[in-house]
Amino acid sequence: EDVDGDGWQELAIGAPGAGSSAGKLAGAGAVYAAASSGDLWRMLEGKAAGDRLGEALAAAGDTNADGTPDVLAGAPGATRGFAEAGEVVLAGFDGTRLWARTGREAGERYGAALAVVARSPEGAADELLVGAPGSSAGGVPKGGRGELVSGDGRELASIAGTTKGAGLGGFVAAGPDLDGDGRKELVLVEPATWADGETLGLSHFYRRNDLPKP
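Treat the numbers as computed from the prediction; the structure is a model and nothing was measured.

Quick notes on the rules
All residue numbers refer to position in the chain's written sequence, counted from 1. Confidence filtering applies because this is a predicted model: local features only for residues at pLDDT of at least 70, side-chain atom pairs given and counted only at 80 or more, and all residues used for totals across whole chains, interfaces and linings. Water and hydrogen atoms play no part in the side-chain values, which are based on all heavy atoms of the structure. Helix numbering and strand numbering both begin at the N terminus, where a helix is a DSSP run of H or I of at least 4 residues and a strand a DSSP run of E of at least 2. The buried label goes to any residue with under 20% of its type's maximum accessible area, the exposed label to any with over 50%, and the partly exposed label to all in between, with areas taken from a 1.4 Å probe on protein chains only. It only takes one pair of heavy atoms within 4.5 Å for two residues to be counted as in contact. Every accessible area reported is derived by Shrake-Rupley at a probe size of 1.4 Å, with residue values counting cover from the shown protein chains alone. In summary, the charge assignment counts Lys and Arg as positive and Asp and Glu as negative, without counting His or the chain termini. The atoms used to mark charge sites are NZ of Lys, CZ of Arg, CG of Asp and CD of Glu. In short, DSSP must find at least two bridges between two strands for them to pair. Take a side-chain nitrogen of Lys or Arg and a carboxyl oxygen of Asp or Glu: if they are within 4 Å of each other, that pair is a salt bridge. Angles here are taken between N-to-C directions and fall from 0 to 180 degrees, while the axes themselves are lines fitted to C-alpha atoms, restricted in helices to the stretch in contact.

**Student:** How do you make sense of the overall build of the protein chain when you look at a structure like this?
**Tutor:** Each helix and strand in the protein chain was counted, giving 0 helices and 16 strands. Each of the three principal axes of the protein chain carries a C-alpha extent, and together these read 50 × 45 × 30 Å. A buried classification covers 48% of the 214 residues belonging to the protein chain. A sequence separation of at least 24 residues applies to 42% of the contacts in the protein chain between residues at least 6 apart. Counting only carbon and sulfur atoms, one obtains 53% of the accessible surface of the protein chain, whose full area is about 9900 Å². Placing the 19 positive and 31 negative side-chain charges of the protein chain at their respective mean positions leaves the two points 8 Å apart.

Shown next, in the form of structure tokens:
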């Protein structure tokens, strides 16, 4: 997005291994903004050591109509109630946090992968897909989980992996419209799926109506 009006788009860059600006929080993670002039500034940083903010990023568009674009950032190492439950933050380019969602259980790594899967006519994120590959939802250890979230941070639907250790949600994306309903399908990847003694990975395509509602 062109934040400073120079005709060139700025970049958001994740640095999940970065320490805090005060140097006291190792691995808190940070998100930097880079301008066409070469200027680089720290836009957002993790709240605690080990958060790994910036491991996943997605351009959110101008979700709050303030005239500047917003950024979605994942912090899969964040401990918010549970160790490494993970967190997703929506923030403005000035670093203002607009909302945050956290994982449901220890080790879930919510926010390890992010993708905007639907946008408003103005380009703002209407729906996003969040991966939580360490989730044991549904009683399947580390089977992983994907969550569909609205642009204002509400859970719309969730799907849990069915294969132990496969890590559904290790990668997520907006897929093509396979059924012709005018909406992109949801892609969730199991990067650790095993077959015949080899790690092959497996991609799943879902329609929104196929996902269980909260």
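**Student:** Please explain the pairing of strand β8 (residues 113-119) as it appears in this structure.
**Tutor:** In the case of a regular strand, side chains alternate between the two sheet surfaces. For β8, a buried count of 5 out of 7 residues is recorded, marking the element as mostly surrounded by other parts of the structure. Relative to strand β9 (residues 125-132), β8 is paired through 6 bridges, and the arrangement is antiparallel. Of the residues in β9, the one forming a bridge with A115 is L129.

**Student:** Which parts of the structure should I look at to understand the pattern of salt bridges?
**Tutor:** Any two side chains of opposite charge can pair if their charged atoms end up close together. Tallying each qualifying case throughout the model produces 14 salt bridges. A salt bridge links R42 to E45; the shortest N-O distance between them is 2.9 Å. Between R101 and E155 there is a salt bridge; the shortest N-O distance is 3.8 Å. Pair noted here: R101 is in strand β7 (residues 97-102) and E155 is in strand β11 (residues 155-160), with a separation of 54 residues, a long-range link.

**Student:** Help me understand the sheet that holds strand β3 (residues 40-45), please; the structure alone is not making it clear to me.
**Tutor:** Strands sit in the order β1-β2-β3 across an open sheet of 3 strands; the sheet is antiparallel. Each end of this open sheet is capped by a strand with a single partner; those strands are β1 (11-15) and β3. Put simply, the sheet's adjacent strands are angled 30° from each other on average, direction ignored. Relative to strand β2 (residues 30-34), β1 runs antiparallel, the two sharing 5 bridges. Bridge pairing in β2 places G14 opposite V31.

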